[in-house]
Amino acid sequence: MRLLNIDNRLHVEAADGAADVEKASSGLFATDPQAIFQRWDEFVEWHRSHAGDIAAQVRRRDERGLIGPPAPRPPQVFAVGLNYDQHAAESGFPRPQQPVIFTKFVSSITGPVSDVTLPDGDVDWEVELVVVLGKGGRSIPAERAWSHVAGLTVGQDISERRRQHSGPAPQFSLAKSHEGFSPIGPVLVTPDEFADPDDLELGATIDGHQVQHGRTSDLIFPVPVLIEEISRIVELYPGDVIFTGTPQGIGAGRVPPRFLKPGEVLRSYVTGIGELVQSFTTPDASVRDGAGAAAAARS
């Protein structure tokens, strides 16, 4: 199953369009994309048994700019640092012995196509596989963790490096939570849609030049281990979001370092899910023209 947030209404994606869930279910499920995670098991069962109702509501869709984040208001947002060996090395750190966890604030979440205003500092890119939970809990064992996952999507952990590493203590969460710094989407794909949800290709390009490429099979701590480790300490809730970490190729790890500039277009993808498109602008340019990312997405 592939879910879309179109105009803040939950849809099921089909080969030739998308079906509005509230209409297909005759009001059984609400339009709010975030609300579905509170009734995830019930929703999955309805989807399995109402193929005809869903098919009858499928409509063509062409406007990519109308797609919002599949989990627009998660209760909690977790992110994982240094979760690929080569990324840890390019960042100057040894292989972590346990997951490095921080948070990104919910107000930074946006949809898959957006214009991002560059703040002062050095703004970097980090393509990531993102997990959305359909079932919460504490002390979830790794062998049962995938049953708690609603779906997978693409994410960018955009980061302003000066603030991130400013003293006397790092400011990871603030530096990674500027407006527009957590785009996710374009769809939420349930794990059963993949031959192996633990081995997905992901990457990123800037103006068509490849800057990152990897596979989630190279995660130091794969998705089930992350869920187990986080839930040992924190109660997880339906609709929570986990950014699982980025492969090598960030700007800060290059010699010399290279950061995002106004006018550049960052495309991020996970094979089998889709693509994010972020266009970067200065504060003045964003006032003059807020249509850059939408135009780039259509190109």
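This text follows the structure it describes.
Residues numbered from 1 in each chain as written. Predicted model: local features only at pLDDT ≥ 70, side-chain atom pairs only at ≥ 80, totals over all residues. Heavy atoms only, no water.

Novice: Just give me the short version of the side chain of K176, but keep the residues and values in it.
Specialist: Take K176: it is sitting in the loop between α7 (172-175) and β14 (182-189). Reaching out from K176, the side chain makes a polar contact with the side chain of D157 at a distance of 2.7 Å. A distance of 2.8 Å separates a polar atom in the side chain of K176 from a polar atom in the side chain of S159. Beyond its immediate sequence surroundings of up to four residues, K176 is in contact with F102, K104, S108, E126, D157, I158, S159, R161, Q164, F181 and S182. (Helix = DSSP H or I, 4+ residues; strand = E, 2+ residues; numbered from the N terminus. Polar contact = N/O pair within 3.5 Å; in protein donor to acceptor, adjacent residues only side chain to side chain. Contact = heavy atoms within 4.5 Å.)

Novice: Tell me about helix α8 (residues 223-233), and name the residues and values.
Specialist: Turning to α8, its buried residues number three or more, namely V223, P224, L226, I227, I230 and S231. For α8, the arc enclosing every buried residue in end-on projection is 160°, short of the 170-degree limit, so these residues lie on one face. Projecting away from the buried face of α8 at angles above 90 degrees are the exposed residues R232 and I233. Looking at the buried side of α8, the elements it contacts are β6 (77-81), β7 (100-103), β11 (127-133), α5 (142-145), β12 (149-156) and β17 (241-243). (Buried < 20%, exposed > 50% of the residue type's maximum accessible area, 1.4 Å probe, protein only. Arc of directions from axis to C-beta.)

Novice: How would you summarise the sheet that holds strand β18 (residues 265-270) if you had to cite specific residues and measurements?
Specialist: If you trace the five strands from one edge of the open sheet to the other, you get β9-β19-β18-β15-β16, paired in mixed fashion. Because the sheet does not close on itself, it has two edges, and the strands there are β9 (113-117) and β16 (209-215). The mean inter-strand angle of the sheet, taken between neighbouring strand axes irrespective of direction, is 15°. Across five bridges, β9 lies against strand β19 (residues 274-281) in parallel orientation. Within β19, the residue paired with D115 across the bridge is S279. (Pairing = 2+ DSSP bridges. Axes fitted to C-alpha atoms, helices over the stretch in contact; angles between N-to-C directions.)

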